[in-house]
Amino acid sequence: MSNYPPIEGGGSLVVAYRIADKNVLIVGGGNVAAQRIQSAKIADARVTIVAPAEGLNDEVQYRINTKEVTWIDRPFQDADLDKVDMVLTALDDHDESLRIGHLCRERRIPVNVADVPPMCDFYFMSQHRDGPVQIAVSTNGQGPKLANMIRTTVSEALPANMGAIVKHMGELRAKVREWEPAIENSEKRMGWVTRVCEKWGLQQMARLTTVQDHDAFYASLRTYFEKNEIPAVSDVFPPATPSIALIGAGPGDPELITVKAQRCLKEADLVVSDRLIPQPMLDLVEGELRIARKTQGKSDPAQDELLEWCLEGLKKGQRVVRLKIGDPLVFGRGGEEILWFRERGYEPELVPGISSAFSGPMAAGIPVTMRGVSDQVIVTTGRGTKGSMPDLPDYGSSRTLVVLMAVGRAADLKTILCEQKHYPSDCPVAWIENANCPQERVILGSVANMDALVQEQAIVAPAVLVVGNSVRALSE
Ligand SMILES: C[S@@+](CC[C@H](N)C(=O)[O-])C[C@H]1O[C@@H](n2cnc3c(N)ncnc32)[C@H](O)[C@@H]1O
């Protein structure tokens, strides 16, 4: 067994072929010829078109008029291949295309014969172009339409001004070469630029395009380069307009986060996250990430600390995201946080998340409302402010009760439900532990044994408790 990866043949050699100032002959003057002109001129080739005037496509005619290409007004002749570096045929005449293809092969001139894949030395790839950035997709002739679709998907995932970003990074590379010209230090130079790219990430690099005073910007970067340090985005870019967003991360499945939340996470300079947010979601963060400390039984100091982290970022002009489990305004102290920021002059943007109060029951196949079974759902907490017991609702046969943070309170909750709120002891309950996560568990029982289940089944937080006839609506 070797340590090297197996090589899978059957592909093409994918290269960025430089044909600036080389002679490219295009045979034909129709739609395909118009596309070929664009491809060749993007690469600064010298293009000659050989095609009779009748049948010239409007765009080809336009390129001739503007002198972007040289035109020979007649059908192809063999001598046209003299001193040519590349040939692209774009003819309807299949036999003539093949003949030209064979001639090129004899003379070892690279050729693309439109619509005759076996005669092509190379294919044109579906291309996205934004300044210096070119993204090309090949399906090796098997699915041109699919190549277009793949290319569109990839290009849409990039920041809008990718071309400008690359141009600025190119300038930075040139500057670094100026600061450290010695060839033997090329590794140091490239290493530093690579680490800058990795630390800033694509979304943050977009701020390169906002720099006004380039001299001051490069002077500041130079001091970091000389110390071989990588600056944080907020250390070198002009402050953006500070902003704070409270974002719901959903219950734990990375696919259950909104598209808007994903974008905010990518664009943020600073993300201050609740604990227990799954890693794949945190991997979306390109800026600085700070995670709440675990403080046993004393969550208030940790809460104060993370709000202070947010404020620090805001004062530096950063775009700050406060990432919260589930929905930020469902038992997530979101309301209190809004007031806290508002008092300090910042109005948070709110991005909803999927709350475990609803995704938990759904994961267990429990419809929290259903005609003839449950016409209302009440969401409450098992742990009120400063540890008080919540004010639970009276029993109603068509009411679903969802209790968050109930695990440590199961016995007290049961007592209140049975003794004060008239719940029958056989009323169905479900505990849904780690809903929407790989380790999810659903444990069914009744009010009579809801606390015993916690012991017997070693149920731990986070878990949602659902009480009511809806628990068995789909299973009975
Ligand atoms: C501080 S509250 C936050 C609720 C959150 N804002 C929401 O909308 O889901 C924490 C409680 O949410 C519930 N919870 C959060 N994520 C959960 C999950 N994946 N599975 C079960 N319960 C969850 C548990 O009851 C946990 O004790």
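See above for the structure.
Predicted model only: the values in this text are computed from it and were never measured.

Enquirer: Break down helix α2 (residues 58–65) for me, with residues and values.
Expert: All of the buried residues along α2 are Val60, Arg63 and Ile64. Mapping the buried residues of α2 onto a view down its axis gives an arc of 100°, with all of them on the same face. Summarising the geometry of α2, the exposed residues directed more than 90 degrees from the buried face are Asp58 and Asn65. Where α2 is buried, its residues meet α1 (31–42), β2 (46–50) and β3 (70–72). The opening residue of α2, the one whose side-chain oxygen lies 2.6 Å from the backbone nitrogen of Glu59, is Asn57.

Enquirer: I'd like a rundown of the pattern of salt bridges, residues and numbers included.
Expert: All chains considered together, the criterion is met by 25 salt bridges. One salt bridge in this structure joins Arg290 and Glu312, with 3.6 Å as the shortest N-O distance. You can see Arg290 sitting in strand β10 (residues 288–291) and its partner Glu312 sitting in helix α11 (residues 299–315), a full 22 residues away along the chain. For the salt bridge of Asp451 with Lys414, the shortest nitrogen-to-oxygen distance reads 3.4 Å. Taken as a pair, Asp451 in helix α15 (residues 450–456) and Lys414 in helix α14 (residues 410–420) lie far apart in primary sequence, 37 residues in all. Taken together, the shared-partner salt bridges connect Asp274, Arg322, Lys324 and Glu337 into one network.

Enquirer: So what's going on with the site of the ligand? Which residues, and what values?
Expert: Near the ligand there are 16 residues, and of these Val330, Ser355, Ser356, Ala435 and Ala463 occur at the shortest range. A distance of 2.9 Å is found between a nitrogen atom of the ligand and a backbone nitrogen or oxygen belonging to Ile325. Between the ligand and the protein, one listed contact pairs a nitrogen atom with a backbone N or O atom of Ala435 at 2.8 Å. For the ligand, whose free accessible area comes to 550 Å², the fraction covered by protein is 87%. The residue inventory of the shell around the ligand, partitioned by class, reads eleven nonpolar, four polar and one charged. Taken domain by domain, the makeup of the shell around the ligand includes at least three residues from each of domain 3 (243–351) and domain 4 (358–472).

Thresholds applied
- Each chain carries its own residue numbering, running from 1 in the direction its sequence is written.
- Where local features are concerned, this predicted model is filtered to residues with pLDDT of at least 70; where side-chain atom pairs are given and counted, the filter is 80 or more; whole-chain, interface and lining totals use all residues.
- Excluded from the side-chain calculations are hydrogens and water; all other atoms, namely the structure's heavy atoms, are used.
- Burial here depends on accessible area, computed with a 1.4 Å probe over protein chains only, as a share of the maximum for the residue type. Under 20% is buried, over 50% is exposed, and the range in between is partly exposed.
- Secondary structure elements follow DSSP: runs of H or I of four or more residues count as helices, runs of E of two or more count as strands, with numbering from the N terminus.
- What the arc measures is the spread of directions leading from the helix axis to the C-beta atoms.
- In what follows, residue pairs with any heavy atoms lying within 4.5 Å of each other are defined as contacts.
- Distance and chemistry together define a polar contact, namely a pair of N or O atoms within 3.5 Å, with one atom able to donate a hydrogen and the other to accept it when in protein, and with adjacent residues in sequence counting only for side-chain atoms on both sides.
- For salt bridges, the criterion is a side-chain nitrogen of Lys or Arg within 4 Å of an Asp or Glu carboxyl oxygen.
- Here, proximity means that at least one heavy atom of the residue falls within 4 Å of the molecule or strand.
- Using a 1.4 Å probe, the Shrake-Rupley method yields the accessible areas, and only the shown protein chains count as cover for residues.
- All amino acids are sorted into three groups, where Ala, Val, Leu, Ile, Met, Phe, Trp, Tyr, Cys and Pro are nonpolar, Asp, Glu, Lys and Arg are charged, and the leftover types, Gly among them, are polar.
- The split into domains, and so the bounds of each, comes from an automatic or database assignment of domains.

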